Amino acid sequence: MKSFRLCSDFICYGWQKLSRIVNMSFTKAFDLLRLAEMATARYSGVGLADIEEEFGVDRRTAQRMTKMLEEVFSNCTTRTDDERRKYWKLDSNAARLMLAQGIRDSELAAIEISIRRAERDGATNEVRALRSLRDRLLANMARPHARRAESDAEAVLEAYGFASRPGPRVRTEAMILDTVAAALKGPHLLTIVYAGGSKPGGAERVVEPYGMLLGTRRYLVAKVTGGNGRLQHFRLDRITGARLEASSFARDPDFNLEAHAARAFGSYHAEEEYAETVWRFSPKAAPVAREFIFHPLQQVTEDADGSLTVRFAASGHLEMAWHLYLWGDAVEVLAPDRLRRMVQGFQRSDFPALP
């Protein structure tokens with residue numbers, strides 16, 4: 001039987017352990033391999049909360065999945081953090097099993113769609129990174145499998161219409177985007193020529209970049225060196241020049257970009273507008289509104305008459321008004337008063353469809 005050898009990538013896991021996968025249902029085996037991918041790829045390992053989110057399962061099912069992971073993969077290790085949360089990790093040798101699966105056509109299509117979206121948005125640094133990832137994945141595959149995946153992915157892309165996102169967008173210079181991205185990665189000080197304010201031609205400012213907000217317009221979140229230490233937002237379309245400086249800086253360790261972004265409805269922040277926002281959608285609009293995530297920290301209430309009430313705290317009344325106009329008279333602003341006055345009289349009843 002020695003001449004009847006299995007692929008070397010699988011031998012290290014043992015026939016007995018692999019047979020457990022074979023004897024599972026196809027769906028469970030697929031989920032186990034996906035879990036193994038996560039446990040291999042994540043530096044700190046995968047936790048129960050990660051499994052619940054990825055697979056849409058409850059805590060007991062997630063625990064059963066980790067038990068199976070430990071049984072099938074003998075090199076699985078665990079650790080517990082300071083908050084007594086447990087994580088499962090596979091070493092890099094397990095990656096050989098992952099590579100043996102190849103890349104699926106849907107996964108390759110998703111990468112291609114992301115590349116085309118980034119190209120449309122002028123995000124040249126993301127385009128280069130995604131293309132490099134795609135090429136590296138294909139290079140690790142057997143050529144027949146790679147050609148088949150590429151062919152299948154093209155069919156998926158054609159079915160999706162190349163995932164084009166129509167609508168207006170603000171043009172941003174690719175070179176400026178690249179320079180800003182390099183400064184964020186450093187992190188390095190960044191000198192920008194900004195056309196906002198009292199100088200139409202622009203004024204030079206040295207800033208400490210903290211991140212970017214992507215919306216109708218793109219904003220650079222940064223602190224002006226030698227300023228008051230407060231975060232400011234600079235519209236990327238108004239940055240006419242950018243230069244990467246050799247000097248680095250220490251970011252505030254307590255800063256969290258997601259938490260900062262959540263203080264606004266869109267990409268525009270106005271601290272004086274920050275307040276609780278309450279919208280009530282009519283019963284006819286409630287099924288559609290229920291599918292929207294208006295804000296990452298929103299609270300949704302189902303009302304007795306079939307209407308839907310959405311609450312969140314944010315600023316950016318103008319961007320809210322732009323969005324609320326799409327709903328016509330199917331939404332009522334309960335708070336704040338300033339926003340209610342902004343939309344009053346502009347809620348049409350003749351729109352043929354909801355957003």
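All of these numbers come straight from a predicted model, not from anything done at the bench. (Residues numbered from 1 in each chain as written. Predicted model: local features only at pLDDT ≥ 70, side-chain atom pairs only at ≥ 80, totals over all residues. Heavy atoms only, no water.)

**What about the nonpolar core?**
Counting residues in hydrophobic clusters, the biggest one holds 20 residues, and the most contacted among them are W279, F281, F294, F312 and L339. Of all the elements in the fold, those that place two or more residues in this core are β9 (275-281), α12 (286-289), β11 (308-314), α13 (317-325), β12 (331-335) and α14 (337-343). Not counting residues within four places of it along the chain, the set of residues in contact with F294 comprises F265, W279, F281, A289, V310, F312, H323 and W327. With 17 residues, the next largest nonpolar core counts L35, M38, A39 and A62 among its residues. (Core = buried A, V, L, I, M, F, W, Y, C linked by side-chain atoms within 4.5 Å. Buried < 20%, exposed > 50% of the residue type's maximum accessible area, 1.4 Å probe, protein only. Helix = DSSP H or I, 4+ residues; strand = E, 2+ residues; numbered from the N terminus. Contact = heavy atoms within 4.5 Å.)

**Description of the packing of aromatic side chains**
Taken as a whole and assessed by the stated rule, the structure comprises 14 aromatic pairs. A centroid spacing of 5.7 Å and a plane angle of 80 degrees characterise the contact between W279 and F294, whose relative ring orientation is edge-to-face. Within this pair, whereas W279 is found in strand β9, its partner F294 is found in the loop between α12 and β10 (299-302), the two being separated by 15 residues in sequence. In terms of burial, W279 and F294 fall into one category: buried. Of note, R263 hangs over the ring of Y274, and the distance from its end group to the ring centre comes to 3.8 Å. (Phe/Tyr/Trp six-rings, centres within 6.5 Å; stacked < 30°, edge-to-face > 60°. Lys NZ or Arg CZ within 6 Å of the ring centre and 35° of its normal.)

**Some points on the pattern of salt bridges**
Scanning the model with the defined rule gives 18 salt bridges in all. The salt bridge involving D237 is made with R217; its shortest N-O contact spans 3.2 Å. Of this pair, D237 sits in the loop between β7 (232-235) and β8 (239-248) while R217 sits in the loop between β5 (203-214) and β6 (218-224), placing them 20 residues apart in sequence. Using a relative accessible area of 27% as the deciding quantity, one classes D237 as partly exposed. Put simply, R290 and E302 hold a salt bridge, and the shortest N to O gap is 2.8 Å. (Salt bridge = Lys/Arg side-chain N within 4 Å of Asp/Glu carboxyl O.)

**Points about the confidence of the model for the protein**
Mean pLDDT over the protein: 82, with 79% of residues reaching 70 or higher. Summarising per-element confidence for the protein, the mean pLDDT is lowest in helix α1 (residues 8-11) (43) and highest in β9 (98). Across residues 158-163, where pLDDT falls below 50, the model places 5 contacts with residues more than four positions away in sequence or in other chains. (pLDDT = per-residue confidence, 0-100.)

**Remarks on the pairing of strand β4 (residues 188-194)**
Most of β4 sits inside the fold, with 5 of its 7 residues counted as buried. Taken together, the 5 bridges between β4 and β5 define a ladder with antiparallel strand orientation. Residue pairing for β5: V193 is matched across the bridge by E204. (Pairing = 2+ DSSP bridges.)

**Things to note about the environment of M38**
Its place among the elements puts M38 in helix α3 (residues 26-41). On the accessibility criterion, M38 (2% relative accessible area) is buried. A sequence separation of 12 residues divides M38 from D50, and the C-alpha atoms of the two residues are 9.2 Å apart. Contacts of M38, omitting those with residues within four sequence positions, involve V46, D50, E54 and F55.

**Describing the sheet that holds strand β2 (residues 77-80)**
In a beta sheet, neighbouring strands pair by backbone hydrogen bonds and run either parallel or antiparallel. Pairing in this open sheet of 3 strands is antiparallel, and the strands run β1-β3-β2 from one edge to the other. One side of each edge strand has no neighbouring strand; the edge strands of this open sheet are β1 (46-47) and β2. One ladder, built from 2 bridges, connects β1 with strand β3 (residues 86-89); its direction is antiparallel. Looking at the pairing, G47 lines up with Y87 of β3.

**Quick look at unusual backbone geometry**
For the bond running from G186 to P187, omega is -5 degrees, close enough to zero to count as cis. The linkage connecting A335 with the following residue, P336, adopts the cis geometry, with an omega of 0 degrees. Position of P336 relative to the elements: it lies in the loop between β12 and α14.

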